[in-house]
Amino acid sequence: MSALLRADLAQALRNRGIVIWVMAFPIILASLFMFVFDGYRSGASETVAVGLVERDTPEAEALSQALDALAEGDGALLSVTRYPSEQAASDAALDGDVCAYVLVGEDGTPRMMVPPQDSGTVEQAIVRLVLDRYEQVGATLATVAEEDPAALASPEAAAALADALAGDDVTTERLSVLREESSEFQRYYYAMLGFSSLMGAQVALMLVTSKRADGSEVGARRQVSATRPSRQLASSFLASWLVCLGCQLVALAFIRLVVGVSLGGREGLAVLACAACALVSCAVGAAMGSLPGIATHTKDTLLTILTMGLSVPAGLFGTPSLALADWLWAHAPWVQEINPASQAAEAFYRLTFYDSLAPFVASVASLIAIAAVLLGVAALFMRRQRYARL
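Read on for an overview of the structure. Predicted model, so just to flag it, every value in this text is computed and none were measured.

Definitions and cut-offs
Residues numbered from 1 in each chain as written. Predicted model: local features only at pLDDT ≥ 70, side-chain atom pairs only at ≥ 80, totals over all residues. Heavy atoms only, no water. Phe/Tyr/Trp six-rings, centres within 6.5 Å; stacked < 30°, edge-to-face > 60°. Helix = DSSP H or I, 4+ residues; strand = E, 2+ residues; numbered from the N terminus. Buried < 20%, exposed > 50% of the residue type's maximum accessible area, 1.4 Å probe, protein only. Axes fitted to C-alpha atoms, helices over the stretch in contact; angles between N-to-C directions. Parallel < 35°, antiparallel > 145°, perpendicular 65-115°, else oblique. Left-handed = near helix turned anticlockwise from the far one by under 90°. Contact = heavy atoms within 4.5 Å. Pairing = 2+ DSSP bridges.

### Side note on the packing of aromatic side chains
- Summed over the entire model, instances satisfying the criterion amount to five aromatic pairs.
- With 6.5 Å between their ring centres and 65° between their planes, Y190 and F353 make a pair best called edge-to-face. Note that Y190 is positioned in helix α7 (residues 186-199) and F353 in helix α15 (residues 340-353), a separation of 163 residues in sequence.
- Given the relative accessible area of 1%, Y190 is considered buried.
- Relative to F353, the ring of Y349 lies with its centre 4.7 Å away and its plane at 55°, an arrangement referred to as tilted.

### Section: the packing of helix α8 (residues 201-209) against helix α12 (residues 296-311)
- Where α8 contacts α12, the axes come no closer than 11 Å and their chain directions differ by 160°. When the axes of α8 and α12 are compared, the pair comes out roughly antiparallel. For the pair α8 and α12, the sense of crossing is right-handed. Contacts from A201, Q202, L205 and T209 in α8 reach T296, K299, D300, L303 and T304 in α12.

### Digging into the sheet that holds strand β4 (residues 110-113)
- Across the sheet, four strands lie side by side as β2-β1-β3-β4; this open sheet has mixed pairing. Edge positions in the open sheet fall to β2 (78-83) and β4, since each of these has one partner strand only. Direction aside, the axes of adjacent strands within the sheet are offset by 30° on average.
- Pairing between strand β1 (residues 48-53) and strand β3 (residues 100-104): three bridges, direction parallel. When the sheet's bridge partners are listed, G51 is paired in β3 with Y101.
- Contacts from helix α3 (residues 58-70) reach β1, β2, β3 and β4, with the element oriented near 145° to β2.
- Helix-sheet contacts for helix α4 (residues 86-95) involve β1, β2 and β3, and the interaxial angle to β3 is about 160°.

What follows is the structure, encoded as structure tokens:
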């Protein structure tokens, strides 16, 4: 058994395509994520670019001063760009120079205009809140001036009223139901780990196919050798699991140490998750490689399509993919339960953010169960068979 294992390990490691596809590609993908998401971390304070249409009215001047006050200092909330006409501001919004533009209508009320192709963004919501607060303060001052003009006559009273309207005496505390501060981008890295684990199925596919009589001439000789097919399958499975686990740990170390993705201080358990992911990945490859009557290149194509298809509901391919993953977990959880890519991504997410380890253990158990079923399929088809021709 040890001789078979050494031979299978050597066969896997000598394949350059395996090393690039299974080990290097996850690192390249994580590096791409890191550069794309740089500067857009969750909770990062960013200045909102907004346009202001200049008009020669007291209302427009007051609005301009209020927006300028929010555009001052290092941690400025807004970046105000002035335009001489509404057409110029509209063109700037359509070009993406500003998220929206503000103007004062004929009735003196400020209005926010947004480009039709990009509405409902977070930046626009911030501008809308600023305008709502501006109108609320203006209405309050007008009411005070109408009912008690003397209240604004004293500078001290006016300053006290301004402090009250500013809300400086209100303390806001951010609370989280998760044990670790969440980032919307971390899910992509966890989905990437699930995707990279499934790519490791290529290793098991190559090793198992090389031991089938219809896979190669060497496979035909191995099938009639004294070594039982079950032992050959076990050797291939163990060798591919060691290779996949090593590649998974390299990818995990990269996103933890280089990218800085948090694992909630549970790095040791993350290694266990990698082991389970590598286990199910090799089981997928072994099951695919053991199927009789299918050419080797066809198995490679089918496995690639299967890997990409299973990674879509895991949330790897952008916002639509994440939305699909959330919808499936809410309306058809059984689909995600049997999807190894989804379970792999969910295992890392639950490990990082959940206080209890029970959900994480459930995901790992699901991965092991999926691997056991697929390994049973592989063992069934790896038995000695008779062929009319090879």
